[in-house]
Amino acid sequence: MRDAAEMPGPRLTFTTAANTPAALAPLAGRAIAERLVFHTAAGRLHVWPDPAEAAALVAELASLGFACLEARGLPGLEPTSPARVRALRARVRGALDPRGVMALGARWEQSVG
């Protein structure tokens, strides 16, 4: 399983609060579905897109609640701003830890990596 998170070529990495397999339903049946790994518990999605389709995929996934953290090997494609990542993490933490009692919660919420 560890090796499944790495393949050659350009890679996009996303995070989302929608950390269920259902979040990927819009990608089902498409060629891109064969070139992705979704770590559901962490809400982390790795996608190896065709470079010509990368920008449109980032926009599509953003509309579905995925924030782009990294765009490796895709010049001109910028990841989501750290402020937006922190806002997403705040929503995730609010949903999973509404009383704010989990260890490292605040530290995780403020990190962007």
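Below is a summary of the structure that appears in this document. (Residues numbered from 1 in each chain as written. Predicted model: local features only at pLDDT ≥ 70, side-chain atom pairs only at ≥ 80, totals over all residues. Heavy atoms only, no water.)

Let us look at the overall build of the chain. Counting its regular elements, the chain contains 3 helices and 4 strands. Expected size for 113 residues packed as a compact globule is a radius of gyration near 13 Å; at 14 Å, the chain falls within 12% of this value. The 113 residues of the chain split such that 35% are buried. A separation threshold of at least 6 residues defines the contact pool for the chain, and within that pool the share at least 24 residues apart is 60%. Surface exposure of the chain reaches about 6,600 Å², of which carbon and sulfur atoms provide 60%. Within the chain, the 10 negative side-chain charges are centred at a point lying 9 Å from the centre of the 13 positive side-chain charges. (Helix = DSSP H or I, 4+ residues; strand = E, 2+ residues; numbered from the N terminus. Rg over C-alpha atoms; globule rule 2.2 N^0.38 Å. Buried < 20%, exposed > 50% of the residue type's maximum accessible area, 1.4 Å probe, protein only. Contact = heavy atoms within 4.5 Å. Areas by Shrake-Rupley, 256 points an atom, 1.4 Å probe, with all protein chains shown as cover. Lys, Arg positive; Asp, Glu negative; His and termini not counted. Charge placed at Lys NZ, Arg CZ, Asp CG, Glu CD.)

Moving on, we get to the side chain of Thr-13. As for its placement among the helices and strands, Thr-13 is situated in strand β1 (residues 11–16). Sequence-distant contacts of Thr-13, defined by excluding residues within four places in its chain, comprise Arg-44, Leu-45, His-46, Ala-67, Cys-68, Leu-69 and Glu-70.

With that settled, the discussion passes to the nonpolar core. Of all hydrophobic cores here, the largest spans 19 residues; its most connected members are Leu-12, Phe-14, Leu-45 and Phe-66. Breaking this core down by element, the ones donating at least two residues are β1, β2 (36–39), β3 (44–47), α1 (54–63) and β4 (66–72). The dominant element in this core, judged by the number of residues it contributes, is α1, at 4 residues. Excluding residues that lie within four positions of it along the chain, Leu-45 makes contacts with Leu-12, Thr-13, Phe-14, Leu-24, Leu-36, Val-37, Phe-38, Leu-61 and Phe-66. (Core = buried A, V, L, I, M, F, W, Y, C linked by side-chain atoms within 4.5 Å.)

Looking now at α1. For α1, the set of buried residues is Ala-54, Leu-57, Val-58 and Leu-61. End-on, the buried residues of α1 take up no more than an arc of 100°, which puts them together on one face. With respect to the buried face of α1, the exposed residues turned more than 90 degrees away are Ala-56 and Ser-63. After α1 finishes, the residue Gly-65 shows a positive phi value of roughly 95°. (Arc of directions from axis to C-beta.)

What follows concerns the side chain of Arg-93. Mapped onto the elements, Arg-93 comes out in helix α2 (residues 82–96). Setting aside anything within four residues of it in sequence, one finds Arg-93 in contact with Pro-98, Gly-100, Gly-105, Ala-106, Trp-108 and Glu-109.

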